[in-house]
Amino acid sequence: MSTTLNVFTADVLREAVNQVFTSMIFMSVDPTAPINEPVTQQTSVMASVSFMGNFEGSLTLRCSMACAKAVTANLLGFEEDEPIEQSDIADAMGEVSNMVLGSVKSATYDKVGELIASAPTVFSGDHMEHHLRAGEVRLSTTVGVDDTYCMEVHVVYIDGK
Amino acid sequence: MAGSLLIIDDSSTMRRIIKRTIRMSGIQFDETFEAESGEEGFAKLSERAVDVVLCDVNMQGMRGTEMVKKVRDELPSCAKTKIIMVTTESSAAFVAEALSSGADGYIGKPFTPEKFQEKLTPLL
């Protein structure tokens with residue numbers, strides 16, 4: 001396995017998010033939408049799932065709490081006045097990150113081979129940043145969601161074993 | 001449409017999503033049961049066969065494909081039960097593993113109501 005293969009591209013990430021959001025969450029995704037919602041300057045939610053195989057790393061989704069609530073309500077089919085608990089948001093965002101990774105795995109299988117995913121981890125807070133460890137490579141992209149929200153997608157991996 | 005359904009997934013959120021998607025597909029089951037592990041799913045099927053099982057693959061404890069093989073090997077009462085794996089796995093190796101374990105098919109995540117209709121309608 002080459003260590004220089006650039007298999008995780010922004011297009012792959014955006015298409016994976018698009019597949020999950022349009023088929024299961026019923027929200028539109030626009031990779032070219034202007035981003036009016038700076039995620040890092042407000043309370044945000046990060047959902048991360050690790051993977052192992054010929055590449056090792058993690059895929060992380062980050063969005064505002066408002067976006068995470070909208071995603072949760074749509075994904076779980078909540079009624080308009082139904083209260084959304086933090087645990088609902090954690091469960092929903094975890095599943096979304098898992099499914100986005102699933103789409104990435106399908107798109108990259110021919111080049112990467114099988115990737116084994118961990119259980120997702122979800123956390124929220126203010127001004128969160130994701131720091132790289134030595135040897136890690138990060139690919140990031142951003143998409144607009146429902147013409148309202150911004151979703152960041154990050155893949156961090158060690159380029160080959 | 002009639003029949004009974006068992007959803008096996010260690011995520012209550014995913015079980016809820018599957019139920020919502022089946023509702024949206026227009027398919028109706030008389031009874032829907034849930035299990036949160038392969039072990040619990042096997043125990044429920046030991047007590048009572050259902051028409052259709054939707055089963056996750058990667059679960060803590062008994063994997064979905066292990067459970068399917070155990071059902072096919074040990075529960076003759078479930079010989080007519082159709083088992084569909086619901087999973088993010090989509091490699092040729094996985095599909096071969098799932099079918100050789102005794103599953104009747106699989107639905108990849110992300111999925112749509114139309115996908116459930118396509119896969120489940122012929123089984124009912």
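Residues numbered from 1 in each chain as written. Chains lettered and ligands numbered in written order. Predicted model: local features only at pLDDT ≥ 70, side-chain atom pairs only at ≥ 80, totals over all residues. Heavy atoms only, no water.

A.B. asks: What should I look at first to understand helix α3 (residues 64–74) of chain B in this one?
C.D. replies: Residues that lie three or four places apart on an α-helix share one face, since the helix turns once every 3.6 residues. Residue and element names in this part refer to chain B. What α3 keeps buried is the set Gly64, Thr65, Met67, Val68 and Val71. Down the axis of α3, the buried set is contained in an arc of 160°. They therefore lie on one face. Here the buried face of α3 lies against β1 (4–8), α2 (38–47), β3 (52–56), β4 (82–87) and α4 (92–101). (Buried < 20%, exposed > 50% of the residue type's maximum accessible area, 1.4 Å probe, protein only. Helix = DSSP H or I, 4+ residues; strand = E, 2+ residues; numbered from the N terminus. Arc of directions from axis to C-beta. Contact = heavy atoms within 4.5 Å.)

A.B. asks: Explanation requested: the sheet that holds strand β2 (residues 31–35) of chain B in the structure shown.
C.D. replies: Residue and element names in this part refer to chain B. Taken together, the five strands give an open sheet; going across it, the order is β2-β1-β3-β4-β5, and neighbouring strands pair in parallel fashion. Only two strands of the sheet have a single partner each, and these edge strands are β2 and β5 (105–108). Mean inter-strand twist for the sheet, computed between neighbouring axes without regard to direction, equals 20°. Relative to the sheet, α3 contacts β1, β3 and β4, its axis offset from that of β4 by approximately 175°. (Pairing = 2+ DSSP bridges. Axes fitted to C-alpha atoms, helices over the stretch in contact; angles between N-to-C directions.)

A.B. asks: Where do I start with the environment of Glu129 of chain A in this structure?
C.D. replies: Residue and element names in this part refer to chain A. You can see Glu129 is positioned in the loop between β5 (121–125) and β6 (136–145). For Glu129, a relative accessible area of 61% gives the class exposed. Linking Glu129 and Thr22, residues 107 residues apart in sequence, is a C-alpha distance of 28 Å.

A.B. asks: Help me understand the nonpolar core in this model?
C.D. replies: One broad rule of soluble globular proteins: the nonpolar side chains tend to lie buried together. Counting residues in hydrophobic clusters, the biggest one holds 62 residues, and the most contacted among them are Phe8 and Phe21 of chain A. Ranked by residue count, the leading element in this core is helix α3 (residues 86–112) of chain A, at nine residues. Residues Ile8, Leu45, Val68 and Ala103 of chain B belong to the second largest nonpolar core, which totals 22 residues. (Core = buried A, V, L, I, M, F, W, Y, C linked by side-chain atoms within 4.5 Å.)

A.B. asks: I'm lost on the interface of chain B and chain A in this one. Help?
C.D. replies: Quite often, the size of an interface is put as the accessible area lost when its parts meet. With 16 residues of chain B in contact, the opposing surface of chain A contributes 22 residues. Regarding the contact of chain B and chain A, the summed buried area is about 1600 Å², with carbon and sulfur atoms giving 56% of it. When the buried area of chain B at its contact with chain A is split by residue, Arg16, Arg20 and Pro110 of chain B rank highest and sum to 35% of it. Remark: the boundary between chain B and chain A carries one salt bridge. Here Glu82 of chain A ties to Arg16 of chain B by a salt bridge, and the two come within 3.6 Å at their closest N and O atoms. Counting the contacts that link chain B with chain A gives six residue pairs in polar contact (both at pLDDT 80 or more). The residue makeup of the side of chain B that touches chain A, split by class, is five nonpolar, seven polar and four charged. (Buried area = accessible area lost by both parts, 1.4 Å probe. Salt bridge = Lys/Arg side-chain N within 4 Å of Asp/Glu carboxyl O. Polar contact = N/O pair within 3.5 Å; in protein donor to acceptor, adjacent residues only side chain to side chain. Nonpolar A, V, L, I, M, F, W, Y, C, P; charged D, E, K, R; others polar.)

A.B. asks: I would appreciate a short explanation of the packing of aromatic side chains in the present structure.
C.D. replies: How two aromatic rings sit relative to each other is given by the distance of their centres and the angle of their planes. Going through the model one piece at a time under the given rule, you end up with five aromatic pairs over all chains. With a centroid separation of 4.8 Å and an interplanar angle of 85°, the aromatic rings of Phe111 of chain B and Phe116 of chain B are classed as edge-to-face. Taken individually, Phe111 of chain B and Phe116 of chain B each receive the classification buried, so the pair is uniform in this respect. Clustering of aromatic rings is evident, with ring pairs tying together Phe8, Phe51, Phe55 and Tyr157 of chain A. (Phe/Tyr/Trp six-rings, centres within 6.5 Å; stacked < 30°, edge-to-face > 60°.)

A.B. asks: I keep staring at the pattern of salt bridges and nothing clicks. Help me out?
C.D. replies: By the definition in use, this model includes 15 salt bridges over all chains. Measuring nitrogen to oxygen at the nearest pair gives 3.0 Å for the salt bridge that ties Arg133 of chain A to Glu136 of chain A. With its nearest N and O atoms 3.3 Å apart, the salt bridge here joins Lys70 of chain B to Glu74 of chain B. Separated by four residues within a single helix, Lys70 of chain B and Glu74 of chain B lie in helix α3, roughly one turn from each other.

A.B. asks: Just checking my understanding: could you explain the pairing of β5 of chain B for this structure?
C.D. replies: The side chains of a regular strand alternate between the sheet's two faces. Residue and element names in this part refer to chain B. Alternating positions in β5 separate cleanly, Gly105 and Ile107 being buried on one face and Tyr106 and Gly108 remaining unburied on the opposite face. By the bridge criterion, four bridges tie β4 to β5 in an arrangement that is parallel. Bridging from a neighbouring strand, Met85 pairs with Tyr106 of β5. Assessed by its sense of winding, the connection that carries the chain from β4 through α4 to β5 is right-handed. (Right-handed = clockwise from strand over helix to strand, strands pointing away.)

Interpretation in functional terms is not warranted from these geometric data alone.
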